[in-house]
Each structure stands twice: as C-alpha cells, then as structure tokens.
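Spelled out, the chains give:
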Amino acid sequence: MGLSAFERFIACYWFFHIVVFEITSIIFQRDVFFEGCGEGCLAIDYFGNDVEILERTVNGRKVRVKWDWGDFKNTQGFPVDDNLINWVIGQDQALNECFLCLDEWVHKLKWLEKTEWYESWSSPEKSKPSAKNLISPGPYLLLLGDPGTGKSLIGRALAEKLTQIYGENGIKLFDVLCWKNSVLPSQPKISIHKAGEGKKILQKEQLKELKRKFVTKVGLKALQIFLILMGLFLMALGFYFMYQTWQTWNENPMFLGEPLQEYYNYNFTNYFIQEIVGFVPLTFIPGGSLIFFGVFIWWFSRLGGLGTLKGISGAQQSDVPKLIVDNSSGHAPFVDATGHRSAQLFGSIAWDPYQTGGLGTPEHQRVTAGDVHRASLGILYIDEIKNLDPEEAITLLTVLEDGQLPITIRGRWHGGDTAAMAVSTEPVPAVTFLVGAGNFDSINQIHPALMDRIYGYGKVVRMNNDMPNTVENRRKYVQFIAQEVKRFNLIPFSREACEEIVEEGRRRSNKKDALTTRFRPLISIIKTAATLAINENCKIVEKRHVREAIENHCKTIQRQILEHEMNERGKLLEIKPEGAKLGQIYGLAVVRDPYSGEMTGSVLCVKANMVKRSELPRNYPIKGYYKVTGVAKGQSFIADSIAKVRSVILQKYGIDIAQDYLTHIDFAQSYGVDGPSAGVTMAILLCSLIEGKPIRQDVAVTGEINLGVGDTIQVTAVGGVYEKIKAAEAWGFRKVVIPKKNFEYSIDIRDYKIEVVPAATLDDYLKECLVEKPTLKVPIQTRRKPKF
C-alpha cells in the first residue's frame, strides 16, 4: 500500500529535521569539546565550566574559596592545603590501604595505653619486661611503584595524620633517658617519660650536678686561697727571721761571753748560714710547697681536670642522664632512614679515646639512639628497602617482632674490640610503624624473612603509574601545579600553561585516556618553565615557557644521546628514510633509564640476506643456518622473537629459513638489541626477500610477532610506543606502523606530525610496508597435503 503525497512530505520533513538536529548536536559537541582547532589538532575543554567551592586549611585556618573552572586565568589564588595527605594525587587505592593500616595501628596503641605498658620503663631502677609478651607485631606497609609516584610523600603525610589522630584519641608520646648504672657501668639503664618530661628531668639532674660542682668548686677555691695565703705567711715569716738576723748582727750583742761579731770573726756569712739553717725548714720550704700546690690546683682546674674533662660529644664525667629520644615537639615521629647503615638504624655506642685512668666519657653518655628508637610510636620510612644488608634486615625483623632493642656497639667495630666498647643498654622501646618503599623488582630482593613479616602483619600496596584522564583529575593537575608553585616560591601558571602540563602528563602515561602519576619529572618542567618566565620578567608562566622547558631543557640523558646521534653521527649512521629497498627495514626500539624509569626511542636499521642452500656451487653438501647479529646474547626476549620468526615464516611460506637457506639478519650499527618488538621487523624483512618486494624506507615499524592460528599471524602490543614514534618523527620518517591494540589504547594523533597506522596482523603490516611490484623472488616450497 503506497503513501500519499502529503504523508511523503511529512516523512521527509521529519527526516530532514532529525538529520539537521543530529548534525547540529555533533557540531555543538565539537565546538564544546574540540574548540580552537589549530594546525589539524583539536583542543579539549580541560577543566569544565562549573564553579567549585574549595575548602582548605591554609596557614592553620579553614578557608573557602569559590573557584571558577571555566573562567580562571591563572593559578594565583588557588588555595593550597597545609595537610600533606591532600597533596597526594592519583593514589586513592593506596591511601585507602594506608588509612586501614593506620586504623589498625591506632587500635593497637589504644590497647597498649589501657595496659599501661610504659610503667615498667618509668624508672631506671625497674626491671624491663619482655616485649614479646606485651607488644604485638604490625602493622607494616610496603609501597611498590615507579620512582616519582609519591611514596615518600605518603610516608610524611601519614606521620602528619598520626599527630592529629593521637590528639583525638589521647595517645601519648614518650621521651627516653639513659642513666648511669653504678653497679654495672657497661649496662646503662633506660627510662621513658611523657613527651616533654625528659627535658625537665634532665634539667633537674643537671641542676643537682651543678650544685655539686659548685660546692666542689667553692671548696677547691677556698683550699687554693688557704694554701697560697698560708704559704705566703710562712714565706713572710722566713723573711722576717732573716731581717731579725741582720738586726742582731748590727747590734752586736754579747754571745757566749764576747761580742757576737768577734765570736764569728766578723764573718756575717757564717753567722747567717748558721741562723738560716734553723728557720728555713720551718718557713720557706713549707711556704713554697703550699704556694706550689695552690697554683697547681688552679692550673689543673683550668685544664678541666677533676671530673670536668670533656669527652665524646662534649660529655663530661657526670651522673646526669642523657636524653636519647626527644618527643617534646608533640608531633608524631617521622624518621626517613633511607640509605642509613646499621649504626644509624639501630643506635650505637660512641668510641672514646680516653678509656682508662678515669678520664673517659661515662658509658651512658656514649649511647646514641637509632632510627628505630626515635621513630617509636611513629613512622619509620625506608625507601629502597631492598638495599638493606642481610644482617640489617634480620635486626630490623627483631625490632618489628619485639617492639624493643638494646643499644650496643654497631658499625665498623661491631662486636667490641675493647672492654670500653663492650657496652649494651637495657632494652629501649622501638614500637615503630614501618613504611617501606621500592620499585617492583624489590619483591624478590628483600630478605625473605622480612618480606614474610610484611606479608603476614602488614600490607603490600601497588602505586598507580597513571589515573583516568577525566575533568576531575585534570583539575587535580592544577592543584599539583599550585602546590609546586607554593613549595618553590614560583610565579603563577596561566590556564594555557596548565593545559600544556596536563597534555604532557597524558603523553607520559603512554595512554590516550590517562594521566601519569609520576609527578617528579613534571616538577622539573614546572620549575624550569617558571625560571624561563622569571628570566623574561614575566609575571605569569605562559604555554610557550612550558613548551620550551619540555622541548629544550627537561630531556632525559637518552633523549640527549639520541639527538647527539642525529646531529653528530647522522652522517655515519645508515638511516635514510627515502625510497624502497629489498632486504632492509627500519625498526623502532626504546632505551630505558634505570634510575628514573623514563624511556627514549631510537631507530634501528635491520638488513637481511637469504641464499638457497641448493643454489650454492659446492661439490659437498652444506647445511643451512639462521643467524642474527647485533642483538643481546643470552637474553630471553630477543631469543624468543628469533625463534618465533622462524616458525612464522615456516607457517606462511613453507620455508625453513634455518635448514633450507643460509639466512643472516643483522641489526646494523647496533649491539645488545633486546625485546619482543624486534619480531615483526625481522618477519617483514624476510617476507620482503621471499616475495621479492622492496620495503618502503620511509616507513618504520614496531610490534611483537606471534605464532599464527589458522591463516592469521597476529602482531601484539609493545611498550614505549610514544617514544618510538617521536624518534621516527625526529629522523624524518613519513609513516609508522604499530599494533592495533597500541593505537586504540595509547595513541592520540594530536601528538604526532607523521602518519600513525594501526595493524593487527602480519598481512596488515606487509600492505603498509611492501612495494607491490616484485623485483626478485625467492623460490617458495609448496607444502604437500598429507594423504590419508
């Protein structure tokens, strides 16, 4: 049944309106989300258009800032929170696990508060308990992730959060004092007291010591004055006797019936000697001795004798205790023990050169607490925990199990070479919340016993390398930029500069729908861009400053080497992306920085030669071979790729390149090449020789070859695609062929100036790389079908 003219008109009218509505919607969406197209690329509406109320704690005050995301011009005025926990970006799952461990930690400490565990340590005279029966192990936290993802920031943020939680739950911190043991000096005693009380006790004991020293000093001073005065008196008395002798001689009295002078034949010397022998032993000798001893006491006291000689770290011969752990600040301890050795981690006993004669520093004054003691009831953070020595790992394991550790000699003189160094204190509390960190390779390198405790009593948390590319997370990038501006006292960043950093974060994620959470390299870009703007006397960092920082200043060493190769060695390297050749192809690879984890792409020229064994003029039979040179020896990735290429060619053409041919593939001007992405490069090269079709030299490829199923030979995804494409772009290639999965998952065509083509199978690669007109064809053996 047909439609009338009016019905056809109405149908056409509505169809037209629907089409116009859909087109208008698409254009509207394009205008909203892809406005400002320039040079073939599209810009995103990065931060949305709504107004958000930002609640932050700034300089200790709660503030509310109305922030217009659609209209803000720069980061000036963006509130930066004082709480470090809010500085952590893109690690929500890790934070949730950390908070769960914090809850467990607080529950443990509240239970310990109820048991009044610290009473046994309240006095140095009390015997110390066995912590194994009192303090349960855990929780512990191991953060694993790439460098720059915020592991140390989380550690500091947790310590800050602990201070707040301790205040809310009434959990007390403690000071630790080390006392002299009058019975066994080599075993100093330990006591703990509420935070802040340690200094008061120390001051009280120091006052007692000062009083004792004052009395001693006054007594010595009085003795010194008495001796000198008595000596002077005796000396004066001696001189008086001498004067009396002279007076008697001059008066010449009668002596034994005749005048004195006649009796001595007028020889005054004989008379004087006879008289002085009588009074010198009673005056001059004791007087001089008293003066000598008085001066000696003054001189010796000036040198610091009699118990005032300073020893190690300025300590003196004293009974005053030593404050070895001070928590008077009231903040939950956070000790970064990264790279510390045994003496720093677990405490030690200082060596004293004055070991004998009563001049040495007292044993309790030579005790130094370790990180595990100073971090008691707080966080002990150890980055690269895999670097702990086995002995250090076992000692740390003991601390985690016992919650206490005596301080004894450690380090170079571990074990004690003399009796003065054979000192060991009573157990010192070390109830620590261990937060370890490392890269993903740390799991197999941490001591197995320590790793077992972490698994058993704690959590192992994976740090994210990226987060979804959403409006919310792009706004967090603005927060990150504002944080770094405040942290390094930089000038504000414009909206366009923020957008460029967001784009750089997307590129570094190697995903088109994600943003990197490895922020440390971005910090370098922010600081460099701000410095460039400051040098130009700009008040705001613009987009061009960020671009200049990225392209010219913040390059990895691998990228600098690549540019050096292109500039200085370009004439020597056989890389010419033009024309077509048989038996030569360009593959793409990456070089990874072992420290920062960043990658830089490179271009490899790969050549091959195939000669059929039967075509060689020999009177004796020769065997075929299949050799690949320029690759890493004994590496599994490249060895697997080489083996798979042989099987793929056998499946596709029925040719055994190792038995029927003398096959040689060479990664020209390269050495140590490794990785699975070389597989498709070698496969295309051999296909080119077999089919006699030249390879386009302006095309570079990457991808992992796989054994085929049926008639399809699949090429799967590889890593470092962004860096590889950028390397091809820098060398002047016109096209790059990559695995389809990589294209769908990682590629945003706005990032590149060359054509990027996805390919799912080997045949797709061959269509993009080979020139259809064959020049020379290698004979192909036809596979015979088996008869049944």
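All of these numbers come straight from a predicted model, not from anything done at the bench. Along every chain, residues carry numbers that run from 1 in the direction the sequence is written. Whole-chain, interface and lining totals are the exception, using all residues; otherwise, since this is a predicted model, local features are given only for residues with pLDDT of at least 70 and side-chain atom pairs are given and counted only at 80 or more. Side-chain numbers come from the whole structure's heavy atoms, not from hydrogens or water.

**Comments concerning the overall build of the chain**
Helix and strand definitions follow DSSP, with helices as H or I runs of at least four residues and strands as E runs of at least two, each counted in order from the N terminus. Broken down by element type, the chain carries 21 helices and 29 strands. Within the chain, the fraction of its 788 residues that count as buried is 46%. Contacts are assigned to residue pairs with any non-hydrogen atoms lying within 4.5 Å of each other. Looking at the chain alone, contacts between residues at least 24 apart form 74% of all its contacts between residues at least 6 apart. Accessible surface area values rest on a Shrake-Rupley calculation with a 1.4 Å probe, where residue burial reflects the displayed protein chains alone. Split by element, the accessible area of the chain, about 41,200 Å² in all, is 55% carbon and sulfur. Summary of the burial criterion: residues with accessible area below 20% of their type's maximum are buried, those above 50% are exposed, and those between are partly exposed, where the area comes from a 1.4 Å probe applied to protein chains only.

**Focus: the packing of aromatic side chains**
Each Phe, Tyr or Trp ring (for Trp, its six-membered ring) is paired with any other whose centre lies within 6.5 Å, and the angle between the two planes then decides the class: stacked below 30 degrees, edge-to-face above 60, tilted in between. Inspection of the entire model under this criterion finds 26 aromatic pairs. Pairing W105 with F433 gives two aromatic rings, centres 5.4 Å apart and planes at 25 degrees, and the pair type is stacked. On the criterion of sequence distance, the pair formed by W105 in helix α2 (residues 92–115) and F433 in strand β15 (residues 433–438) is long-range, its members being 328 residues apart. By the burial criterion, W105 is buried, and F433 matches it.

**Notes on the sheet that holds strand β20 (residues 584–592)**
Here, any two strands with at least 2 DSSP bridges between them count as paired. Spatial ordering of the open sheet is given by β22-β23-β21-β20-β25-β28-β29, a layout of seven strands whose pairing is mixed. Only two strands of the sheet have a single neighbouring strand rather than two, namely β22 (625–629) and β29 (755–759). In this sheet, adjacent strand axes meet at a mean angle of 25 degrees when their direction is disregarded. Note that strand β25 (residues 699–701) and strand β28 (residues 735–739) share three bridges and pair parallel. Across the sheet, residue V699 finds its bridge partner in β28, namely K735. Axis geometry follows a simple rule: fit a line to the C-alpha atoms, using only the stretch in contact for helices, then measure angles between N-to-C directions, giving values from 0 to 180 degrees. Contacting β20, β21 (599–612), β22, β23 (661–668) and β25, helix α18 (residues 678–691) crosses the sheet at an angle of about 30 degrees to β21. With respect to the sheet, helix α19 (residues 721–731) is in contact with β20, β21, β25, β28 and β29, its orientation differing from that of β21 by roughly 75 degrees.

**Some points on the nonpolar core**
Membership of the largest hydrophobic core comes to 91 residues, with the highest contact counts inside it found for L141, I154, Y166, I324, F493 and V546. If one sorts the elements of this core by residue count, α2 sits on top with nine residues. The residues touching I324, leaving out its near neighbours within four places in the chain, are V176, C178, I190, V367, A369, R374 and I407. If you look at the next biggest cluster of nonpolar residues, it comprises 44 residues, including V648, I649, I690 and L762. Among the buried residues, those of types Ala, Val, Leu, Ile, Met, Phe, Trp, Tyr and Cys that are joined through side-chain atoms within 4.5 Å form a nonpolar core.

**Describing the confidence of the model for the chain**
pLDDT measures how confident the predictor is about each residue, on a scale from 0 to 100. Summarising the model, the chain shows a mean pLDDT of 81, and 83% of its residues fall at 70 or more. Per-residue pLDDT stays below 50 along residues 13–42; that stretch engages in 15 contacts with residues further than four places along the chain or on separate chains. Counted against residues more than four places away or in other chains, residues 780–788, with its pLDDT under 50, gives ten contacts.

**A closer look at the packing of helix α12 (residues 471–487) against helix α13 (residues 495–509)**
Contact pair α12 / α13: the axes reach a minimum separation of 10 Å and the direction vectors enclose 115 degrees. Considering the angle they form, α12 stands roughly perpendicular to α13. In this structure, the crossing between α12 and α13 has a hand that is right-handed. From α12, R474, Y477, V478 and I481 reach across to α13, where they touch C498, I501, V502 and G505. Gly counts as polar in this scheme, as do all residues outside two lists: the nonpolar Ala, Val, Leu, Ile, Met, Phe, Trp, Tyr, Cys and Pro, and the charged Asp, Glu, Lys and Arg. Partitioning the contact of α12 with α13 into residue classes produces six nonpolar, one polar and one charged. Note on angle classes: values under 35 degrees are labelled roughly parallel, values over 145 roughly antiparallel, values of 65 to 115 roughly perpendicular, and the remainder oblique. Here is the rule for handedness: rotate from the far helix to the near one, and if that takes an anticlockwise turn smaller than a right angle the crossing is left-handed, while a clockwise turn gives right-handed.

**Some remarks on the side chain of T245**
Following the sequence through the fold, T245 ends up in helix α4 (residues 197–251). Sequence-distant contacts of T245, that is, excluding residues within four places in its chain, are made with F268, Y271, F272, E275 and F279.

**Let's talk about the sheet that holds strand β8 (residues 322–325)**
The strand order β5-β4-β8 describes an open sheet built from three strands, whose pairing is antiparallel. A strand with exactly one partner marks an edge of an open sheet, and here the two such strands are β5 (189–194) and β8. For this sheet, the mean inter-axis angle between neighbouring strands, taken without regard to orientation, is 35 degrees. Of the pairings in the sheet, the one linking strand β4 (residues 174–179) to β5 comprises six bridges and is antiparallel in character. Bridge assignment links F174 to a residue of β5, and that residue is K194. Along the sheet, α4 makes contact with β4, β5 and β8, crossing β4 at roughly 30 degrees.

**Thoughts on the environment of A759**
Position of A759 relative to the elements: it lies in strand β29. Accessibility expressed as a relative area gives 1% for A759, which makes it buried. Taking the C-alpha atoms as reference, A759 lies 6.1 Å from I738; in sequence the two are 21 residues apart. The residues touching A759, leaving out its near neighbours within four places in the chain, are V715, V737, I738, P739, K740, D764 and Y765.

**Quick notes on unusual backbone geometry**
Of note in the backbone geometry, Y266 takes a positive phi value of approximately 55 degrees without being a glycine. Structurally, the position occupied by Y266 is in the loop between α5 (260–263) and α6 (268–279). For N489, which is not glycine, the phi torsion reads 55 degrees and is therefore positive. In this fold, N489 is placed in the loop between α12 and α13. Under the relative-accessibility criterion, N489 is labelled exposed at 68%.

**Topic: the pairing of strand β2 (residues 61–68)**
Where strand β1 (residues 51–58) and β2 come together, eight bridges link them in antiparallel fashion. What sits directly across from E52, in β2, is W67. Hairpin connection of β1 to β2: two residues between the antiparallel strands, including N59 at a positive phi of 55 degrees.

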